[in-house]
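Topology and contacts: notes
Here is what each chain is made of, one letter per residue.
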Amino acid sequence: MGHVVVFGNQKGGVGKSTLAVLYTYWLAEIRRQSVCLIDLDAQANSSKSLRRFATGTGAIALFGEKETSVEMPSGQAIAIATVAGGKQLADVELAKPEVVIPAFRRQVICLARDFDTVVIDTPPALGLRMSAALIAATAAVCPIELEEYSIDGVTDMLKTIFGVRQRYNPRLRLAGIVLNRFNPHSLRQKSAMQELALNFREFVIPARISIRSAIPESLAEGLPVWQLPKSAARAASTEVMQAFELLQQRVEGDGEVVRAGTGGECGR
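Before going further, it helps to examine the overall build of the protein. Counting its regular elements, the protein contains 8 helices and 8 strands. Computed over C-alpha atoms, the radius of gyration of the protein comes to 17 Å, within 12% of the 18 Å expected from 2.2 N^0.38 for 268 residues, which places it in the range of a compact globule. Projecting the C-alpha coordinates of the protein onto the three principal axes gives extents of approximately 55 × 45 × 35 Å. Scored against the burial criterion, the 268 residues of the protein give a buried share of 54%. Within the protein, contacts between residues at least 6 apart in sequence are counted, and of these 82% link residues at least 24 apart.

This is the structure we're talking about:
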């Protein structure tokens, strides 16, 4: 079984999709893993950044009863498959939880048997899609921008993660809080960092990703930042790779990878 890693925060604008995409690239290119990224956000930003790895399958299909297969796109040097987001995902929030959540979990279990890692990018709000992702996951990553409202958002997100772990998914682990878009010259951010350290020290990944123009630039070109042929990308690449190395240690953790479900669920 592969890992199922959810990137989530109940506040938008913290770089969640950016980190989910970069992590997918990092796993596939640096760790040589096969990776399936599921985009559960109606804005589909992750899908756009990884459009050259599109499979033709939409994430909405994973909430249905019919088994959905995801094939690796041909002609690519690295093993990434993208299950696209889209506006129709908003309809999931109106569905019956007892139907769509077990269906999604079952489909993700199947994908975790076919890929080394399944990465799930979630919408910036608690709802059925966020809940389904966490119930299917083995690890959760919470990106945060060091602003007052972002601290509030991470507090809510941690309550959600631990609530899901306690009630629905004992295999779920918090891989860590990732400090993103850090401005070392901001007194406000330094104050927020002190608050974060005071309340959540054991959960914070000891690395920071600064505000770097090279990161959105690279994704706009459909490349990971370490492939961008600019000197400005080097510092960004160093920070991103350091953060992901530390994050991966926690994703793999001391415990077992999820053994979700039993044989026969996938029909394969």
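What follows covers the packing of aromatic side chains. The relation between two aromatic rings is expressed through the spacing of the ring centres and the mutual angle of the planes. For the structure shown, the criterion picks out 7 aromatic pairs. Ring geometry for Tyr23 against Phe244: centres 5.4 Å apart, planes inclined by 70°, an arrangement best described as edge-to-face. Remark: Phe244 occurs in helix H8 (residues 232–252) and Tyr23 occurs in helix H1 (residues 16–29); sequence separation between them is 221 residues. One exposure class covers both Tyr23 and Phe244, and it is buried.

Here we come to the environment of Ala133. Structurally, the position occupied by Ala133 is in helix H4 (residues 128–136). The contacts of Ala133, once residues within four sequence positions are left out, are Val6, Leu40, Phe104, Ile120 and Thr122.

Here we take up the sheet that holds strand E6 (residues 139–145). Here we have 8 strands laid out as an open sheet, ordered E3-E4-E2-E5-E1-E6-E7-E8, and parallel in their pairing. Every other strand in the sheet has two partners, leaving strand E3 (54–58) and strand E8 (204–210) as the edge strands with one partner each. Looking at each pair of strands side by side, their axes are set apart by 20° on average, direction ignored. Where E3 lies against strand E4 (residues 80–84), 2 bridges are found, and the strand directions are parallel. Opposite Gly58, over in E4, you have Ala84 as the bridge partner. Each of strand E1 (3–7), strand E2 (35–39) and strand E5 (117–121) is contacted by helix H3 (residues 97–114), which is oriented at about 160° to E2, the strand it contacts most.

Calculation criteria
- Residues numbered from 1 in each chain as written.
- Predicted model: local features only at pLDDT ≥ 70, side-chain atom pairs only at ≥ 80, totals over all residues.
- Heavy atoms only, no water.
- Helix = DSSP H or I, 4+ residues; strand = E, 2+ residues; numbered from the N terminus.
- Rg over C-alpha atoms; globule rule 2.2 N^0.38 Å.
- Buried < 20%, exposed > 50% of the residue type's maximum accessible area, 1.4 Å probe, protein only.
- Contact = heavy atoms within 4.5 Å.
- Phe/Tyr/Trp six-rings, centres within 6.5 Å; stacked < 30°, edge-to-face > 60°.
- Pairing = 2+ DSSP bridges.
- Axes fitted to C-alpha atoms, helices over the stretch in contact; angles between N-to-C directions.

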